[in-house]
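# Secondary and tertiary structure notes
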Amino acid sequence: QVQLLESGGGSVQAGGSLALSCRASGRTSSIRNMGWFRQAPGKEREFVAGLKWTPETTFYADNVKGRFSISGDYAKNTVSLQMNSLKPEDTAVYYCAADGSTYFGRGKNDYDYWGQGIRVSVSQ
């Protein structure tokens with residue numbers, strides 16, 4: 001089993017920045033991919049950004065590309081999401097996810113492990 005613990009988040013005005021961090025524990029040697037998803041009220045959970053450990057490759061949703069940056073520290077089992085130029089539509093609960101597949105997926109069903117979620121609120 002893998003446990004994921006998110007930190008960071010909070011509230012910011014539009015145009016501001018926030019950072020999220022996720023630390024994995026447990027059977028971390030099984031992790032091949034880590035990602036961030038978000039879910040706004042009344043909407044489906046959507047892919048935001050992801051990191052494939054080997055070879056290290058990053059992936060982004062089109063609506064955050066150029067504004068968000070994902071990075072990871074394999075030795076520390078952590079992945080971070082730097083969010084810049086935030087917009088009100090970025091408001092959501094953000095979830096860290098991890099998976100052991102050699103295939104990198106952008107769907108929520110591609111991930112076996114999830115954090116509890118952390119709230120991000122962006123006001124006008």
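Summarised in this report is the structure supplied together with it. Just so you know, these numbers come straight off a predicted model, no measurement behind them. (Residues numbered from 1 in each chain as written. Predicted model: local features only at pLDDT ≥ 70, side-chain atom pairs only at ≥ 80, totals over all residues. Heavy atoms only, no water.)

## A look at the nonpolar core
In terms of nonpolar packing, the biggest core is built from 38 residues, with Leu-4, Met-34, Trp-36, Leu-81, Met-83 and Tyr-94 touching the most fellow members. Top contributing element to this core by residue count: strand S9 (residues 92-99), with 5 residues. Met-83 has contacts with Gly-16, Ser-17, Leu-18, Leu-20, Arg-67, Phe-68, Tyr-94 and Val-120, leaving out every residue within four places of it along the chain. (Core = buried A, V, L, I, M, F, W, Y, C linked by side-chain atoms within 4.5 Å. Buried < 20%, exposed > 50% of the residue type's maximum accessible area, 1.4 Å probe, protein only. Helix = DSSP H or I, 4+ residues; strand = E, 2+ residues; numbered from the N terminus. Contact = heavy atoms within 4.5 Å.)

## Some points on the sheet that holds strand S7 (residues 68-73)
A sheet is described by the order of its strands in space; here 4 strands give the open sequence S1-S3-S8-S7, paired in antiparallel fashion. In the strand order of this sheet, the two ends are held by strand S1 (2-8) and S7, each with one partner. Neighbour-to-neighbour, the strand axes of this sheet turn through a mean angle of 15°, independent of strand direction. Pairing between S7 and strand S8 (residues 78-83): 6 bridges, direction antiparallel. Among the inter-strand pairings, Ile-70 is bridged to a residue of S8, identified as Leu-81. (Pairing = 2+ DSSP bridges. Axes fitted to C-alpha atoms, helices over the stretch in contact; angles between N-to-C directions.)

## Some details on the environment of Trp-53
One can find Trp-53 in the loop between strand S5 (46-52) and strand S6 (57-60). Through-space distance from the C-alpha of Trp-53 to that of Val-12 is 30 Å; in sequence the pair is 41 residues apart. With sequence-adjacent residues up to four places away left out, Trp-53 is seen in contact with Ile-31, Arg-32, Asn-33, Met-34, Gly-72, Asp-73, Tyr-74 and Thr-78.

## Remarks on unusual backbone geometry
Of the consecutive residues Thr-54 and Pro-55, the connecting peptide bond is found in the cis state with omega at -15°. Mapping Pro-55 onto the fold places it in the loop between S5 and S6. One non-glycine residue, Asn-77, lies in positive phi territory at about 55°. Tracing the backbone shows Asn-77 in the loop between S7 and S8. Here the phi dihedral of Ser-85 falls at roughly 50°; this positive angle occurs in a residue that is not glycine.

None of the figures reported here should be taken as evidence of function without further support.
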